[in-house]
Amino acid sequence: MTTFVLVGESFTGGWLWKELADRLRESGAEVYPVTLTGMGESRGPAGPDTDLETHIHDLLQLIDRADLADAGELVLVGHGYGIHPVLGAADRRAERIARVVYLDAGMPRDGDRALKLVPDQAVRERLLLPAAGRGSDGGGMPPPTSPDAWQRWGSTAGVPSDALARLTRLAAPQPTGTLTRPLRLSGAAAKVPTSGVLCTGNGPTIAMVQALVGMGDPHLQALTDPSVTFFELHTGHWPMLSTPDELADVLLRAAAGEGHRLATAGDEPPPHLRPFLLDVPERRRERVGQVDLHLPDAAGEPRPAVVFVHGGPVPAGVGPTPRDWPGFVGHGRYVAGLGAVGVTVDHRLHDLSDYGRAAEDVAAAVELVRADPRVDADRVALWFFSAGGLLAADWLASPPPWLRCVAATYPVLAPLPNWGLTDSPFRPAAAVRTSERLPVVLTRVGRESPEIAATVEEFLTAAAGRAVPVEVIDVPHGHHGFETIDHTEEARRAVEQAVRSVLGHLRG
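Re the confidence of the model for the chain
On average, residues of the chain score 91 in pLDDT, and 94% of them reach the 70 mark or higher. Counted against residues more than four places away or in other chains, residues 132-137, with its pLDDT under 50, gives 7 contacts.

This is the structure we're talking about:
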């Protein structure tokens, strides 16, 4: 028999799991929905010393209970914040735990604070002050006070209105110390089998995780271990409220060791290192700092330039870096072969909190390019890819006169719900509402994730309202990253058409 211990997100207690617990018990499982100290009447109020260690101790007391000593396989489920006390307890009772389930949760490591997951930067900064001894915690982090406000803390897609009202009514303030005290792990928890349940309405898909693993981040290589499995639920951040039947099925399958396993690095290169879909000859390339210039063959008058901006996050320290990826090298060479300067840039989007400095890197690269005597400083286009699309916001909102065109390929044009960028200025779908009539060339793939596709539709609706001229190039059978994945005639035509359109705006 399987015994599930369910530990919820910030602000919540054991009441969060009622529907799910009923379904798991109907299957024959034992279920313990946990209310941690300070999160409900059954555990009493939070004191000034209530912190993450308190919540870990709560779980250890439960795990060590006599009636659980002879229980079947013990599965700990951590939802959002709940993964921090779950990992802390699993690290100290690893021999007792059959599996840890990350339910729409991050992957904290030793020394990480749960505060890192709080989406509101202003709240993060305020809570760090008392942690450093420079202020008062003010009674902890208050929960959202209205059903609509929960959207700032993760997608509420699929949650019935009555369940959202109950979430608002029963939510409790989150004790500050639970968010600011670092998680300490010895490494024992890393040996416990794990499953990740990804809620795609709130964040990444399995395909996105596989792509990140393929980039070579050493911290993610453990995800390819056979003891690690993954599931997707096509809902928001609260599946125990929106899809309890589906979640119950997933947890039972996870406990049985089922699920998708990520591919390890093999003989075939990862998608981002596969060949460019067009056969383009090599061109002269000059490297200046973090910028590469792919130059036309013939010297002469200054040429227009296309600056290609990669997406991410791309983990720091992995290689090759994006300007050496075949897709970006291929675009740079292709543009150079047509008489313009193709520019590729490495910027510092290593984490979702890095958009500010990535924007600085792009701006610096543009200035370097415009100052080059071989470039016509009055004819420049910026071309954004994937999550780099958010960096287009400032350029769309206030385009300089020398910016003749913005292009975007399979872009993300508004932050996804779990990215912690609720009030971010990097939101092209909003920036375009005040944009001048700057031409936009947008390449859209048919096999895009619904969450990213929704940001594109939001952008197109806003652009239409402002009468911004947007040329949409569709690749109906294309995937995200199609220029190195889909070597089809449809994909080749799309790249050729997009390049022709961008160069046409530069020369027109």
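Comments concerning the packing of helix α11 (residues 326-337) against helix α17 (residues 489-507)
Packing of α11 against α17 leaves a shortest axis separation of 11 Å and a crossing angle of 55 degrees. Judged on the interaxial angle alone, α17 and α11 are oblique. Every pair of crossing elements has a handedness; the one defined by α11 and α17 is right-handed. Between α11 and α17, the contacting residues are H331, Y334 and V335 on the first element and V495, E496, V499 and L503 on the second. Taken together, the residues that form the contact of α11 with α17 break down as 5 nonpolar, 1 polar and 1 charged.

Remarks on the packing of helix α2 (residues 52-63) against helix α4 (residues 83-92)
Contact geometry for α2 and α4: axes closest at 8 Å, N-to-C directions at 55 degrees. Relative to α4, the element α2 lies oblique. Remark: the crossing between α2 and α4 carries right-handed chirality. Where α2 abuts α4, its residues L52, E53, H55, I56, L59, L60 and I63 lie against H84, P85, V86, G88, A89 and R92. Among the residues forming the contact of α2 with α4, the class breakdown is 8 nonpolar, 3 polar and 2 charged.

Regarding the packing of aromatic side chains
Counted by the stated rule, this structure contains 12 aromatic pairs. When the ring of F328 is compared with that of F385, the centres are 5.0 Å apart and the planes differ by 75 degrees; the resulting orientation is edge-to-face. Of this pair, F328 sits in helix α11 while F385 sits in strand β11 (residues 375-385), placing them 57 residues apart in sequence. In this structure, F328 and F385 share a single accessibility class: buried. Relative to F426, the ring of Y355 lies with its centre 5.8 Å away and its plane at 35 degrees, an arrangement referred to as tilted. One end of the pair, Y355, is in helix α12 (residues 355-371); the other, F426, is in the loop between β12 (403-409) and α14 (428-431), and 71 residues separate them in sequence. We classify Y355 as buried; its relative accessible area is 2%.

Digging into the pairing of strand β4 (residues 97-103)
Of all 7 residues making up β4, 6 are buried, and the element is well covered by its neighbours. Of the pairings in the sheet, the one linking strand β3 (residues 73-79) to β4 comprises 6 bridges and is parallel in character. Across the sheet, residue V77 finds its bridge partner in β4, namely V101. Taken together, β3, α4 and β4 form a β-α-β motif whose crossover is right-handed. Across 4 bridges, β4 lies against strand β5 (residues 194-199) in parallel orientation. Opposite V100, over in β5, you have T194 as the bridge partner.

Here's the deal with the pattern of salt bridges
Close approach of charged atoms lets side chains of opposite charge pair. Applying the stated rule across the entire model yields 26 salt bridges. Between D245 and R23 there is a salt bridge; the shortest N-O distance is 2.2 Å. Of this pair, D245 sits in helix α10 (residues 244-255) while R23 is found in helix α1 (residues 18-26), placing the two residues 222 residues apart along the sequence. The residue R285 makes a salt bridge to D324 at a minimum N-O spacing of 3.1 Å. One end of the pair, R285, is in strand β7 (residues 284-288); the other, D324, is in the loop between β9 (303-309) and α11, with 39 residues separating them in the sequence.

Analysis parameters
Residues numbered from 1 in each chain as written. Predicted model: local features only at pLDDT ≥ 70, side-chain atom pairs only at ≥ 80, totals over all residues. Heavy atoms only, no water. pLDDT = per-residue confidence, 0-100. Contact = heavy atoms within 4.5 Å. Axes fitted to C-alpha atoms, helices over the stretch in contact; angles between N-to-C directions. Helix = DSSP H or I, 4+ residues; strand = E, 2+ residues; numbered from the N terminus. Parallel < 35°, antiparallel > 145°, perpendicular 65-115°, else oblique. Left-handed = near helix turned anticlockwise from the far one by under 90°. Nonpolar A, V, L, I, M, F, W, Y, C, P; charged D, E, K, R; others polar. Phe/Tyr/Trp six-rings, centres within 6.5 Å; stacked < 30°, edge-to-face > 60°. Buried < 20%, exposed > 50% of the residue type's maximum accessible area, 1.4 Å probe, protein only. Pairing = 2+ DSSP bridges. Right-handed = clockwise from strand over helix to strand, strands pointing away. Salt bridge = Lys/Arg side-chain N within 4 Å of Asp/Glu carboxyl O.

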